[in-house]
Each structure stands twice: as C-alpha cells, then as structure tokens.
Amino acid sequence: MSDTALGPVPDKANVLNDLFSEQGAGSAVRFRAGQTIMHQGDLSDHVMMLRTGFAKRVIRCADDAEIVLGLFEPSQVIGEQAALDGLPRSASVVALTDVTAVAVSGDAFRALIGTHPAAASAVLGILGERIREADQGRLELATRTVACRVAARLVALAPRIGAADEATGAVRLPLTQQDLAGWAGASREAVVRTLRRLRDEGVVTTERKTIIVHDLDALRVAAAS
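Since the model is a prediction, treat every value here as computed from it, not as a measurement.

Participant: So what exactly am I meant to see when it comes to the overall build of the chain here?
Facilitator: Of the regular secondary structure elements, the chain holds 8 helices and 12 strands. Overall size of the chain, expressed as C-alpha extent along the three principal axes, is 55 × 40 × 25 Å. Sequence-distant contacts, at least 24 apart, represent 73% of the contacts inside the chain between residues at least 6 apart. Seen as two clouds, the 25 positive and the 27 negative side-chain charges of the chain have centres 4 Å apart.

The structure is reproduced here in structure tokens:
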C-alpha cells in the first residue's frame, strides 16, 4: 500500500497542537502499548493531541477480525470526527507503543475551530486526507496481491515506527502478524504465508510482537511487483 494510507501527515495537525499549546488547554494522559485509547461505539467527544508514541486506528468486525485504517504519530489529532458530528466513535484507537497525549474536551475543540480559521482549515484538511486514504485503500485491495500489500506496508511503516539497528541496519517494527494482516487487508493465514516466504529469503525475521526487516530494497521490489 502507498504511504498515504498510513494517516495524515503531521503538518495540519501541528496547527491545532500549536493553538492548544498557546491556550494551555487540555490535560496530560498516558497509555501503555496495547491499551485502547478510544473505543469504537463510544459516545464520548473528547479529542486527543498525540505528543509521543504511535497508535493505530482500527475497526473491529462482528467476527472479531480487525481492520487497521491508519496510523497516528506525534503531533497528530485523534477523535476529531466524533467531536464534530456527535455520533458514536466509528473506530477504536489502540496504542502501538507507549503513548503520551493531551486530552481536550469536545466543547474546547469546537470552540477552537469556531474562533480560529486556521484550525478549521486544518480540520477540513485532515478529514479530506482520511477520505483519500479510504479511496486508496479500496483501490489497492482490488488491484494488488496480498504479498504486494504486505511488502508495501512494511516499506511504508519502517521509517515511521521502526527502530534501526546501527550495527546491522535491521529495522524493528512493533507489529504483530495480526497487526500486519489488519493493515494489509488480508487474513492472518495469508500474511503468515507471505512472512514465511520472506523469512526463507532472508528479508525479514519475526519475534513476539515484532517484525524485523533486514532487506528494505527487496521489500520495495516486492511491493512494486
């Protein structure tokens, strides 16, 4: 998948973060890796300003399958849609790593975008990017193989959430195989088969809740095939 499917770039969200920082709004919160930050279906309308760490936006289906919709990284805004439309949360947000954030009430968020045109423009931009992400995701599901989508997802995630080993150049990603399946829009079994082949070729190895990329160039070739 393309890098655009991972989540909006931080620039627009930085506008909101800067404005809230100037006003001293919100309260600091922390989450451990694996904790749910926001729950699908909840009626809460607060917004989170992510400070450190990474989180994933997911939809859980009736059969407990999980579809990963995007990535949140530092400076990005979480939960703005429910704050704007007053409807239940359309997806859950789960911490991929330890996370720190600032929680802002829905009232404070709406007041901000109602009085600052730059904030309103930033929110519109973020929502527009999410629509483009969804369109791109549907296109890739229809036109690219599972192996291609898995490779593309690892290529896109490596520089964003990966930790590089200076000695070996290997990149460790805090992902389970189920995470990767949800991100690639594939069954866990199909992703396991793909990872097994990549392991046999020396491209990746896997550990508990971790995927280690050893050959990004080989993944780029696989992603483009």
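Participant: Can you help me understand the side chain of Glu 66 in this one?
Facilitator: With respect to the helices and strands, the residue Glu 66 is situated in strand β5 (residues 66-72). For Glu 66, a relative accessible area of 15% puts it in the buried group. Of the polar contacts made by the side chain of Glu 66, one reaches the side chain of Lys 56; its length is 3.0 Å. Separated by 3.5 Å, the side chains of Glu 66 and Arg 60 make a polar contact. The residues contacting Glu 66, other than those within four sequence positions of it, are Lys 56, Val 58, Ile 59, Arg 60, Asp 179 and Gly 182.

Participant: Sorry if this is basic, but what is going on with the nonpolar core here?
Facilitator: One broad trend across soluble globular proteins is that nonpolar side chains are buried collectively. Counting 30 residues, the largest nonpolar core has Leu 154, Ile 161, Leu 173, Leu 175 and Leu 195 as the members making the most contacts within it. Of all the secondary structure elements, the ones that give two or more residues to this core are β5, α5 (146-161), β10 (171-173), α6 (177-184), α7 (188-200), β12 (210-213) and α8 (216-224). Ignoring any residue separated from it by four or fewer positions in sequence, one finds Leu 173 in contact with Leu 154, Leu 157, Ala 158, Ile 161, Gly 162, Lys 209, Thr 210, Ile 211 and Val 213. Judged by nonpolar contacts, the second largest core, of 16 residues, contains Val 77, Val 102, Phe 109 and Ile 126.

Participant: I'm lost on helix α3 (residues 106-115) in this one. Help?
Facilitator: The periodicity of an α-helix, 3.6 residues per turn, causes residues three or four places apart in sequence to face the same way. Those residues of α3 not exposed but buried are Gly 106, Phe 109, Leu 112 and Ile 113. Axial view of α3: buried residues confined to an arc of 125°, hence all on one face. Away from the buried face of α3 by more than 90 degrees, exposed residues Asp 107, Gly 114 and Thr 115 are located.

Participant: Can you walk me through the pairing of β12 in this structure?
Facilitator: Successive side chains on a regular strand alternate, one facing one side of the sheet and the next facing the other. Where burial is concerned, the two faces of β12 agree: the one with Thr 210 and Ile 212 and the one with Ile 211 and Val 213 are both buried. Direction of pairing for strand β11 (residues 204-207) relative to β12: antiparallel, over a ladder of 4 bridges. Looking across to β12, one finds that Glu 207 is bridged to Thr 210.

Participant: Would you mind going over the pattern of salt bridges with me for this structure?
Facilitator: When their charged atoms lie close together, side chains carrying opposite charge are able to pair. Summed over the entire model, instances satisfying the criterion amount to 13 salt bridges. The salt bridge involving Arg 32 is made with Asp 98; its shortest N-O contact spans 3.5 Å. With a gap of 66 residues between them, Arg 32 in the loop between β1 (27-31) and β2 (36-38) and Asp 98 in the loop between β7 (92-95) and β8 (99-104) connect regions that are remote in the sequence. We note a salt bridge from Asp 45 to Arg 110, for which the minimum N-O separation is 3.1 Å. In this pair, Asp 45 sits in the loop between β2 and β3 (47-52) while Arg 110 sits in helix α3, placing the two residues 65 residues apart along the sequence. Taking the relative accessible area as the measure of exposure, Arg 110 reaches 30% and is therefore partly exposed. Overlapping salt bridges bring together Lys 56, Arg 60, Glu 66 and Asp 179 as one network.

Reading the values: the criteria
- Residues numbered from 1 in each chain as written.
- Predicted model: local features only at pLDDT ≥ 70, side-chain atom pairs only at ≥ 80, totals over all residues.
- Heavy atoms only, no water.
- Helix = DSSP H or I, 4+ residues; strand = E, 2+ residues; numbered from the N terminus.
- Contact = heavy atoms within 4.5 Å.
- Lys, Arg positive; Asp, Glu negative; His and termini not counted.
- Charge placed at Lys NZ, Arg CZ, Asp CG, Glu CD.
- Buried < 20%, exposed > 50% of the residue type's maximum accessible area, 1.4 Å probe, protein only.
- Polar contact = N/O pair within 3.5 Å; in protein donor to acceptor, adjacent residues only side chain to side chain.
- Core = buried A, V, L, I, M, F, W, Y, C linked by side-chain atoms within 4.5 Å.
- Arc of directions from axis to C-beta.
- Pairing = 2+ DSSP bridges.
- Salt bridge = Lys/Arg side-chain N within 4 Å of Asp/Glu carboxyl O.

These results come straight from atomic positions and should not be treated as a statement about function.
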